[in-house]
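For reference, the chains in residue letters:
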Amino acid sequence: MTWDEMAPLLWEATGQTAEMVAWSTLFTVLIGLPLGVALVVTDRGGLLPSTPLNRVLGLVVNIGRSLPFIILMIAVIPLTRMIVGTTIGTTASVVPLTLGAAPFFARLVETALREVGDDKVQAAQAMGASRTTIVGKVLLPEAMPGLVAGLTVTVVALISYSAMAGAIGGGGLGDLAIRYGYQRFETPLMIVTVVVLIVIVQLGQMLGDFVARRLARR
């Protein structure tokens, strides 16, 4: 296969991967961020302690993190079909990608929030700040460098997950590598696909690290 033949396939697959990762990242943040905050505020000594709720949330997160992604994709096929209407393609892949990444991101959010000093929370409480204000104006802003670093790790994981989604027709670079590189023995295309994935991961990691460092210097 010549470069002229590979280029259109690579551009299309890279676009599909970017689309999957972008939408999955959005939904992962929308689910994982509140879940991570809930794990912190409902813990013993938190702003709204509730041991039963905290244990339930922790169990849900641990179950989500314990499932290998390839198994999760297959297990949620009925849910994917119910939400999207199909189990094949880029849009369908967003469902398992989000379900796989949200619990992971929630734990990273929890870790980042726990690094905020208790003195800052206590100072806000002493000034009469509400729980919502403390979360929105103390915990989250102070933990922002850690949250960005955690989001960067999650995005890198999503890129890896998106490649695996190609195994069940999810589209993207993983699908391209399987259909052409593996099934048709197009080794050059396989090598180029791997290089593209490495470049995407490196660029994402560098951008995330840069933003996290800038926020830490504020």
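This structure is a prediction, so every number in the text was calculated from the model and none was measured. As a convention, each chain's residues are numbered from 1 in the sequence order in which they are written. It should be noted that, the model being predicted, local features are given only for residues of pLDDT at least 70 and side-chain atom pairs only at 80 or more, the latter also being counted only at that level, while totals for whole chains, interfaces and linings use all residues. Remark: hydrogens and water are excluded; side-chain values derive from all non-hydrogen atoms of the structure.

(A) Region of the structure containing the overall build of the chain. Tallying secondary structure elements over the chain gives ten helices and zero strands in all. Ordered by position in the sequence, the α and β elements of the chain form the string α-α-α-α-α-α-α-α-α-α. Overall size of the chain, expressed as C-alpha extent along the three principal axes, is 70 × 40 × 25 Å. Exposure classes here rest on a 1.4 Å probe applied to the protein chains alone. A residue is buried below 20% of its type maximum, exposed above 50%, and partly exposed in between. The 218 residues of the chain split such that 40% are buried. Partitioning the contacts of the chain with sequence separation of at least 6, the portion at a separation of at least 24 is 72%. Each accessible area is a Shrake-Rupley estimate made with a 1.4 Å probe; only the visible protein chains count as cover when residues are assessed. When the accessible surface of the chain is split by element, carbon and sulfur atoms take 66% of a total near 11900 Å². For the purpose of charge, His is not counted, nor are the chain termini; Lys and Arg are scored as positive and Asp and Glu as negative. By convention, the charge on Lys lies at NZ, on Arg at CZ, on Asp at CG and on Glu at CD. The positive charge centre, built from 15 side chains, and the negative charge centre, built from 13, are 11 Å apart in the chain. Only runs of H or I of at least four residues qualify as helices and only runs of E of at least two qualify as strands under DSSP, and these elements are numbered from the N terminus. Two residues form a contact once any of their heavy atoms are found within 4.5 Å.

(B) Here's a closer look at the UniProt feature "transmembrane region" (unreviewed entry) in the chain. Mapped onto this numbering, the UniProt entry gives "transmembrane region" (unreviewed entry) at residues 20-41, 53-77, 83-106, 147-169 and 189-212. End-to-end, the C-alpha atoms of residues 147-169 are 32 Å apart, and along that stretch the chain is 83% helix and 0% strand. Strand forms 0% of residues 189-212 and helix 100%; the C-alpha atoms that close the span are 35 Å apart. UniProt positions are given in the numbering used here, feature names are shortened, and annotations may be inferred rather than shown by experiment.

(C) Structural detail: helix α7 (residues 131-142). With twelve residues, α7 should cover 16 Å at 1.5 Å per step; its first-to-last C-alpha distance of 15 Å lies within 8% of that length. Residues of α7 that are buried include every one of Ile 134, Val 135, Val 138, Leu 139 and Leu 140, and no others. A helix is expected to span 1.5 Å for every residue after the first.

(D) Expanded view of the pattern of salt bridges. We count a salt bridge whenever a side-chain nitrogen from Lys or Arg sits within 4 Å of a carboxyl oxygen from Asp or Glu. The final tally for this structure, using the stated rule, is five salt bridges. Across the salt bridge formed by Glu 142 and Lys 120, the nearest N and O atoms sit 2.8 Å from each other. In this pair, Glu 142 is assigned in helix α7 and Lys 120 in helix α6 (residues 118-126), connecting sequence segments 22 residues apart. Residue class for Glu 142 comes out partly exposed when judged on its relative accessible area of 42%. A residue is classified by how much of its surface remains accessible, and Lys 120, at 40% relative accessible area, is partly exposed. Residues Asp 175 and Arg 179 are paired through a salt bridge, measuring 2.9 Å at the closest nitrogen-oxygen approach. Remark: Arg 179 and Asp 175 occur in helix α9 (residues 172-182); sequence separation between them is four residues, near one turn of the helix. In this structure Asp 175 comes out as buried when scored by relative accessible area, which is 12%.

(E) Fine view of the environment of Leu 203. One can find Leu 203 in helix α10 (residues 187-216). Taking the C-alpha atoms as reference points, Leu 203 and Val 156, 47 residues apart in sequence, are found 9.9 Å from one another.

(F) Broad picture of the UniProt feature "domain: ABC transmembrane type-1" (unreviewed entry) in the chain. Under the UniProt annotation, the feature "domain: ABC transmembrane type-1" (unreviewed entry) is placed at residues 14-208. As annotated, residues 14-208 comprises 82% helix and 0% strand, and the C-alpha atoms at either end are separated by 20 Å.

(G) A look at the packing of aromatic side chains. In this analysis, rings of Phe, Tyr and Trp, with Trp reduced to its six-membered ring, are considered paired at centre separations within 6.5 Å, and the interplanar angle assigns stacked below 30 degrees, edge-to-face beyond 60, and tilted for intermediate values. By the definition in use, this model includes two aromatic pairs. Summarising the aromatic geometry, the rings of Trp 23 and Phe 27 are spaced 6.0 Å apart at their centres and angled 20 degrees between planes, so their arrangement reads as stacked. Of the two residues, Trp 23 and Phe 27 both sit in helix α1 (residues 3-41), four residues apart, roughly one turn of that helix.

(H) Summary view of the packing of helix α5 (residues 90-114) against helix α8 (residues 144-165). Note on geometry: axes are C-alpha line fits, over the in-contact stretch for helices, and angles between N-to-C directions span 0 to 180 degrees. At a minimum axis separation of 9 Å, α5 and α8 run at an interaxial angle of 155 degrees. In terms of orientation, α5 lies roughly antiparallel with respect to α8. As α5 runs across α8, the sense of the crossing is right-handed. For the pair α5 and α8, contact is made by Ser 93, Leu 97, Gly 100, Ala 101, Phe 104, Phe 105, Leu 108, Val 109 and Ala 112 and by Gly 146, Leu 147, Gly 150, Leu 151, Val 153, Thr 154, Ala 157, Leu 158, Tyr 161, Ser 162 and Ala 165, respectively. For the contact of α5 with α8, the class distribution of residues is 14 nonpolar, six polar and no charged. With respect to orientation, any angle under 35 degrees is reported as roughly parallel, any angle over 145 as roughly antiparallel, any angle of 65 to 115 as roughly perpendicular, and every other angle as oblique. Take the far helix as your reference; a near helix turned counterclockwise from it by less than a right angle gives a left-handed crossing, and one turned clockwise gives a right-handed crossing. Three residue categories are used. Nonpolar comprises Ala, Val, Leu, Ile, Met, Phe, Trp, Tyr, Cys and Pro, charged comprises Asp, Glu, Lys and Arg, and polar comprises the others, including Gly.

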